[in-house]
Amino acid sequence: MSDALMPTYARAELAFERGQGPYLFDAEGRRYLDFAAGIAVNSLGHAHPHLVSALNGQAEKLWHCSNLYRIPEGERLAERLCAASFAERVFFCNSGAEALECSFKAVRRYHDQQGAPERYRIVTLSGAFHGRTLATLSAAANPKHLEGFAPAVDGFDQVAFDNMNELRAAITPETAAVLIEPVQGEGGIRVASPEYLRALRQVCDEFGLLLVFDEVQCGVGRTGRFFAYEEAGVPPDVMAVAKGLGGGFPVGACLTTAAVGDFMTGGSHGSTFGGNPLAMAVANAVLDVVLADGFLPHVAATAELLHTRLEELVARYPAVLAEVRGAGLLLGLRCQVANTELLDAIRAEGLLAATAGDNVLRLAPPLIIDESHVDEAVEILDRACARLSGSN
Ligand SMILES: *Cc1c(COP(=O)(O)O)cnc(C)c1O
């Protein structure tokens with residue numbers, strides 16, 4: 001590893017040269033089935049022909065022109081996102097953390113413009129992850145991530161996940177919003193139940209709070225729905241989106257209702273790179289595929305198959321695996337052995353995955369996988385579990 005890089009990551013000793021569909025290839029030509037997908041980013045796998053042609057086509061025309069001018073591809077993408085969700089206004093940025101920063105600003109601005117500037121505090125949930133900026137770290141309040149970076153940004157109050165009593169007790173006259181990932185990703189692939197999301201919507205309406213969803217990881221088809229919140233039928237007022245939206249090209253978006261977004265008037269927010277023509281062209285191409293007839297039902301069917309097969313593994317290897325959890329193709333295997341031990345074992349057999357909190361092995365394959373890839377992944381997991389339970 002080069003000393004020229006800040007040592008922020010514990011990287012595997014692997015470097016990939018190219019990718020094709022759900023596979024990655026290293027310099028020696030060794031093939032890996034990629035069930036990490038750049039941490040739920042390569043939603044359509046690698047080198048998807050429709051995305052490659054959108055990127056190349058745009059690259060030859062215009063990369064960047066700034067938001068001093070209209071960007072037609074961005075207007076089209078915003079309109080498509082609104083048509084396919086609760087949203088009526090969209091702000092484009094470059095990452096998940098930026099989409100959340102915009103969400104926090106929109107929340108504060110909304111109450112300020114309503115004549116209640118004292119309402120600025122956001123209730124967040126234990127086990128959350130919202131990014132690595134100071135505000136998003138403060139929102140998630142993970143002590144490990146905040147270590148050495150004090151003081152935290154003021155304005156966030158954390159309560160226990162799935163505990164309505166604690167949440168209600170945390171609401172004060174200064175509370176502005178509630179922030180939740182409908183499926184917690186980094187925290188360990190924990191799904192917020194539809195009842196819980198409905199109760200949150202109700203409490204927000206009761207107290208005049210905004211409901212903010214972080215769908216950076218679980219959005220854009222990952223759960224078999226375009227957005228995860230559709231499952232519960234609970235629309236938010238504000239939502240952060242990123243990871244899967246660009247299929248591997250960096251892009252983020254903050255989606256809001258008109259009531260919230262219309263207060264973000266000229267000069268209130270901005271981003272030099274946000275909404276650039278390259279990102280907009282690629283994200284539109286992602287939507288072409290994800291919103292095409294039959295695509296999301298296929299994701300849901302493949303996900304169900306994978307879920308069932310993983311349940312079988314849990315039943316067969318109780319010394320290695322404790323449970324399956326998650327939604328759609330965002331699945332977690334809670335481990336009895338160290339999750340890193342299982343990760344190393346499957347990687348040695350050519351299957352890539354990621355870890356998550358709570359000793360979970362996270363599976364977030366590209367949405368384009370089919371039954372054959374489920375078979376291949378489950379066979380590798382089966383072998384790895386057999387080996388690990390033998391040595392236990
Ligand atoms: C990855 C992630 C973020 C942060 O996104 P970045 O692009 O790394 O800034 C925020 N929220 C959730 C739920 C995420 O999974």
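Report on the accompanying structure. All figures in this text were calculated on a predicted structure; none of them were measured in a lab. (Residues numbered from 1 in each chain as written. Predicted model: local features only at pLDDT ≥ 70, side-chain atom pairs only at ≥ 80, totals over all residues. Heavy atoms only, no water.)

Points about the overall build of the protein chain
In step 1: Along its length, the protein chain carries 13 helices and 17 strands.
In step 2: Judged by the C-alpha coordinates and their principal axes, the protein chain covers about 65 × 55 × 45 Å.
In step 3: Counting every position in the protein chain, which comprises 392 residues, the buried fraction comes to 54%.
In step 4: The contacts of the protein chain with a sequence gap of at least 6 include a subset with a gap of at least 24, amounting to 73%. (Helix = DSSP H or I, 4+ residues; strand = E, 2+ residues; numbered from the N terminus. Buried < 20%, exposed > 50% of the residue type's maximum accessible area, 1.4 Å probe, protein only. Contact = heavy atoms within 4.5 Å.)

Thoughts on the site of the ligand
In step 1: Taken together, Ser95, Gly96, Ala97, Leu100, Phe129, His130, Gly131, Glu181, Asp214, Val216, Gln217 and Lys243 make up all the residues around the ligand.
In step 2: Between the ligand and the protein, one listed contact pairs a nitrogen atom with a backbone N or O atom of phenylalanine 129 at 3.4 Å.
In step 3: For the shell around the ligand, the element with the highest residue contribution is helix 4 (residues 96–113), accounting for three residues.
In step 4: Among the residues forming the shell around the ligand, the class breakdown is four nonpolar, five polar and three charged. (Near = heavy atom within 4 Å. Polar contact = N/O pair within 3.5 Å; in protein donor to acceptor, adjacent residues only side chain to side chain. Nonpolar A, V, L, I, M, F, W, Y, C, P; charged D, E, K, R; others polar.)

Description of the packing of helix 12 (residues 339–348) against helix 13 (residues 371–390)
In step 1: Interaxial distance between helix 12 and helix 13 falls to 9 Å at its minimum, and their mutual angle equals 125 degrees. Classed by the angle they form, the pair helix 12 and helix 13 counts as oblique. Helix-helix and strand crossings are classified by hand; for helix 12 and helix 13 the assignment is right-handed. Residues Glu341, Leu342, Ala345 and Ile346 of helix 12 form the contact with helix 13, whose participating residues are Ile380, Leu381, Ala384, Cys385, Arg387 and Leu388.
In step 2: Residue composition of the contact of helix 12 with helix 13, grouped by class: eight nonpolar, no polar and two charged. (Axes fitted to C-alpha atoms, helices over the stretch in contact; angles between N-to-C directions. Parallel < 35°, antiparallel > 145°, perpendicular 65-115°, else oblique. Left-handed = near helix turned anticlockwise from the far one by under 90°.)

Points about the layout of surface pockets
In step 1: Volume-wise, the second largest pocket comes out at about 730 Å³.
In step 2: Lining the second largest pocket are 30 residues, with Asn67, Val90, Phe91, Phe92 and Met264 positioned closest to its centre.
In step 3: Secondary-structure elements contributing two or more residues to the lining of the second largest pocket are helix 3 (72–83), strand 4 (89–93), helix 4 and strand 12 (252–256).
In step 4: Grouping the constituent residues of the lining of the second largest pocket by class yields eleven nonpolar, 13 polar and six charged. (1 Å grid on protein atoms, 1.4 Å probe; cavity = no way out; pocket = protein on both sides within 12 Å on 5 of 7 lines; lining within 4 Å. Points joined across faces, edges and corners; volume = space filled by probe spheres on them.)

Some words on the pairing of strand 12
In step 1: Burial analysis of strand 12 places five of its five residues in the buried class, which makes it a mostly covered element.
In step 2: In strand 12, alternate side chains face the same way, and those of Gly252, Cys254 and Thr256 on one face and Ala253 and Leu255 on the other are all buried.
In step 3: When strand 4 meets strand 12, the two strands line up antiparallel, connected through five bridges. If you follow cysteine 93 over to strand 12, its bridge partner there is glycine 252. (Pairing = 2+ DSSP bridges.)

What to know about a nonpolar patch on the surface
In step 1: Where nonpolar side chains cluster on the molecular surface, the patch consists of Leu134, Phe149 and Val153 and spans about 270 Å² of accessible area.
In step 2: Tracing the chain through its elements places phenylalanine 149 in the loop between helix 6 (143–146) and strand 6 (156–159). (Patch = residues over 30% accessible without salt bridge, like charges linked within 9 Å, V, L, I, M, F, W, Y side chains within 5 Å. Areas by Shrake-Rupley, 256 points an atom, 1.4 Å probe, with all protein chains shown as cover. Salt bridge = Lys/Arg side-chain N within 4 Å of Asp/Glu carboxyl O.)

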